[in-house]
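An overview of the molecular structure
As a plain string of letters, each chain reads:
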Amino acid sequence: MSTPTDITSNVLLLEQTNQLKGLYSIIRNKNTHRSDFVFYSDRIIRLLVERGLDQLPVKQADITTPLDVTYSGVEFLGKICGVSIVRAGESMEQGLRDCCRSVRIGKILIQRDEETALPKLFYEKLPEDIEDRYVFLLDPMLATGGSAILATEVLISRGVKPERIFFLNLLAAPEGIKAYHDKFPEIKIITGGIDPKLDEKKRIDPGLGDFGDRYYCI
Ligand code: PRP
Ligand code: URA
Ligand code: MG
């Protein structure tokens with residue numbers, strides 16, 4: 001019998017440095033204007049992408065430096081792609097592009113019902129060869145976990161192996177982490193913050209409000 005995967009080993013929380021806390025203090029502040037919200041969210045997104053890239057396998061590769069000396073390095077193995085959960089997840093695409101030139105990006109449109117908080121799938125468009133790729137699933141908020149679970153089911157139905165999926169988000173609630181992990185114990189969640197709870201409207205508490213509205217509209 002296989003042993004259950006330890007939940008904490010599958011949640012990679014960015015190191016809570018003063019710099020990171022400062023970035024979150026700006027985006028959590030309700031008085032922060034959209035241009036700052038976008039700028040500082042983008043900085044956090046970049047850190048999440050870099051942490052995600054750290055998870056990918058490498059192989060040994062010797063190179064020669066300009067001194068004609070051999071340096072024992074590594075090179076990345078495997079192909080990746082991003083998949084954003086539209087709308088808010090699209091905010092994370094540029095951070096991935098900044099690190100991985102001409103990376104392929106798929107989209108899954110899922111919206112959470114404002115009354116029930118239940119997710120609804122409207123549309124998906126994914127790279128043809130997605131089953132051969134490592135997938136960075138992009139959505140800034142993990143609240144109940146409903147949207148991320150639905151998106152991940154789409155990926156798995158397209159042949160992506162769970163252990164090749166990395167779910168990147170800025171803020172997670174314990175309820176969402178547990179629901180996602182119970183369903184997909186092999187998938188790593190890479191997050192920058194874990195808040196104590198959801199409120200009665202299933203918003204992350206204290207949270208930062210509606211990420212999509214703050215990044216795109218307000
Ligand atoms: C938000 C967020 C996630 C979802 C998280 O999207 O971007 O997709 O809610 O909540 P859950 O974990 O309870 O499913 P929303 O549906 O509000 O749409 P948006 O991207 O247009 O803001
Ligand atoms: N989606 C958001 O944007 N914010 C929350 O607090 C929960 C879901
Ligand atoms: Mg969404």
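Calculation notes
Residues numbered from 1 in each chain as written. Chains lettered and ligands numbered in written order. Predicted model: local features only at pLDDT ≥ 70, side-chain atom pairs only at ≥ 80, totals over all residues. Heavy atoms only, no water. UniProt positions renumbered as here; feature names shortened; annotations may be inferred. Helix = DSSP H or I, 4+ residues; strand = E, 2+ residues; numbered from the N terminus. Expected span 1.5 Å × (residues − 1). Buried < 20%, exposed > 50% of the residue type's maximum accessible area, 1.4 Å probe, protein only. Near = heavy atom within 4 Å. Polar contact = N/O pair within 3.5 Å; in protein donor to acceptor, adjacent residues only side chain to side chain. 1 Å grid on protein atoms, 1.4 Å probe; cavity = no way out; pocket = protein on both sides within 12 Å on 5 of 7 lines; lining within 4 Å. Sits in = over half its atoms within 2 Å of the grid points. Nonpolar A, V, L, I, M, F, W, Y, C, P; charged D, E, K, R; others polar. Areas by Shrake-Rupley, 256 points an atom, 1.4 Å probe, with all protein chains shown as cover. Pairing = 2+ DSSP bridges. Axes fitted to C-alpha atoms, helices over the stretch in contact; angles between N-to-C directions. Contact = heavy atoms within 4.5 Å. Points joined across faces, edges and corners; volume = space filled by probe spheres on them. Salt bridge = Lys/Arg side-chain N within 4 Å of Asp/Glu carboxyl O.

If you check an unreviewed UniProt entry, the protein appears there as uracil phosphoribosyltransferase from Wickerhamomyces pijperi. A UniProt comment under Sequence similarities (unreviewed entry) is attached to the protein, and it reads "Belongs to the UPRTase family." Annotation of the protein in UniProt includes, under Pathway (unreviewed entry), the sentence "Pyrimidine metabolism; UMP biosynthesis via salvage pathway; UMP from uracil: step 1/1."

Observations regarding helix α4 (residues 146–157)
With twelve residues, α4 ought to run about 16 Å at 1.5 Å a step, and its terminal C-alpha atoms sit 17 Å apart, in line with that. Counting buried positions along α4 yields nine of twelve residues, so the element is predominantly enclosed. Within α4, burial applies to G146, S147, A148, I149, L150, A151, T152, V154 and L155.

Quick notes on unusual backbone geometry
Trans peptide bonds make up the majority, and among non-glycine residues the majority have a negative phi. Going from V86 to R87, the amide bond is cis rather than trans, its omega being 10°. In this model, D205 is joined to P206 through a cis peptide bond whose omega is 5°. Assignment of secondary structure puts P206 in the loop between β13 (204–205) and α6 (211–216). Even without glycine at this site, K202 takes up a positive phi of about 65°.

Digging into the UniProt feature "domain: Phosphoribosyltransferase" (unreviewed entry) in the protein
The sites that UniProt annotates as "domain: Phosphoribosyltransferase" (unreviewed entry) are residues 16–216. Helix makes up 33% of residues 16–216 and strand 30%, with an end-to-end C-alpha separation of 27 Å.

Quick word on the site of ligand 1
As a structural note, the neighbourhood of ligand 1 is formed by 14 residues, with A88, R112, D139, T144 and S147 the closest of them. R112 has a polar side-chain atom sitting 2.7 Å from an oxygen atom of ligand 1. Within the contact set of ligand 1, an oxygen atom lies 2.6 Å away from a side-chain nitrogen or oxygen of S147. Spatially, ligand 1 is embedded in the largest pocket. In the shell around ligand 1, the residues fall into four nonpolar, six polar and four charged.

Digging into the site of ligand 2
The environment of ligand 2 is made up of R112, M141, A143, R203, I204, G209, D210 and F211. The backbone of G209 places a nitrogen or oxygen atom 2.9 Å from a nitrogen atom of ligand 2. Contact distances for ligand 2 include 2.9 Å between an oxygen atom and a backbone N or O atom of F211. When ligand 2 is considered free in solution it has 240 Å² of accessible area, and contact with the protein chains removes 84% of it. Put simply, ligand 2 lies in the largest pocket. A per-class count over the shell around ligand 2 returns four nonpolar, one polar and three charged.

Brief notes about the sheet that holds strand β7 (residues 133–138)
Taking strand neighbours across the sheet as the criterion, the seven strands line up as β1-β11-β9-β7-β4-β5-β6 in an open arrangement whose pairing is mixed. In this open sheet, the two strands that pair with only one neighbour each are β1 (11–13) and β6 (119–125). The sheet shows a mean angle of 25° between the axes of neighbouring strands, direction not considered. Seen against the sheet, helix α2 (residues 34–54) touches β1, β4 (79–86), β7, β9 (165–169) and β11 (188–191) and runs at an angle of roughly 150° to β11. Relative to β6, α4 is tilted by about 35°, and along the sheet it contacts β4, β5 (104–112), β6, β7 and β9.

A word on the layout of surface pockets
Counted as a void, the largest pocket has a volume near 910 Å³. Every residue lining the largest pocket is counted, 36 residues in all, and those nearest its centre are R112, M141, K202, D210 and F211. A breakdown of the residues in the lining of the largest pocket according to their chemical character gives 14 nonpolar, nine polar and 13 charged.

With respect to the pattern of salt bridges
Overall, the coordinates contain 15 salt bridges when judged by the stated rule. Of the charged contacts, one joins K59 and E75 as a salt bridge, the two residues approaching to 3.6 Å between their closest N and O atoms. Of the two residues, K59 sits in strand β2 (residues 58–64) while E75 sits in strand β3 (residues 70–76), which places them 16 residues apart along the sequence. Taking the relative accessible area as the measure of exposure, K59 reaches 40% and is therefore partly exposed. The partner of R87 in a salt bridge is D213, with the nearest N and O atoms 2.8 Å apart. Separated by 126 residues along the polypeptide, R87 in the loop between β4 and α3 (93–99) and D213 in helix α6 bring together distant segments of the chain. Owing to a relative accessible area of 28%, R87 belongs among the partly exposed residues under this scheme. Residue classification places D213 among the partly exposed positions, given a relative accessible area of 27%. Three or more residues are tied together by salt bridges with common partners; here these are K79, R104, D129 and R133.

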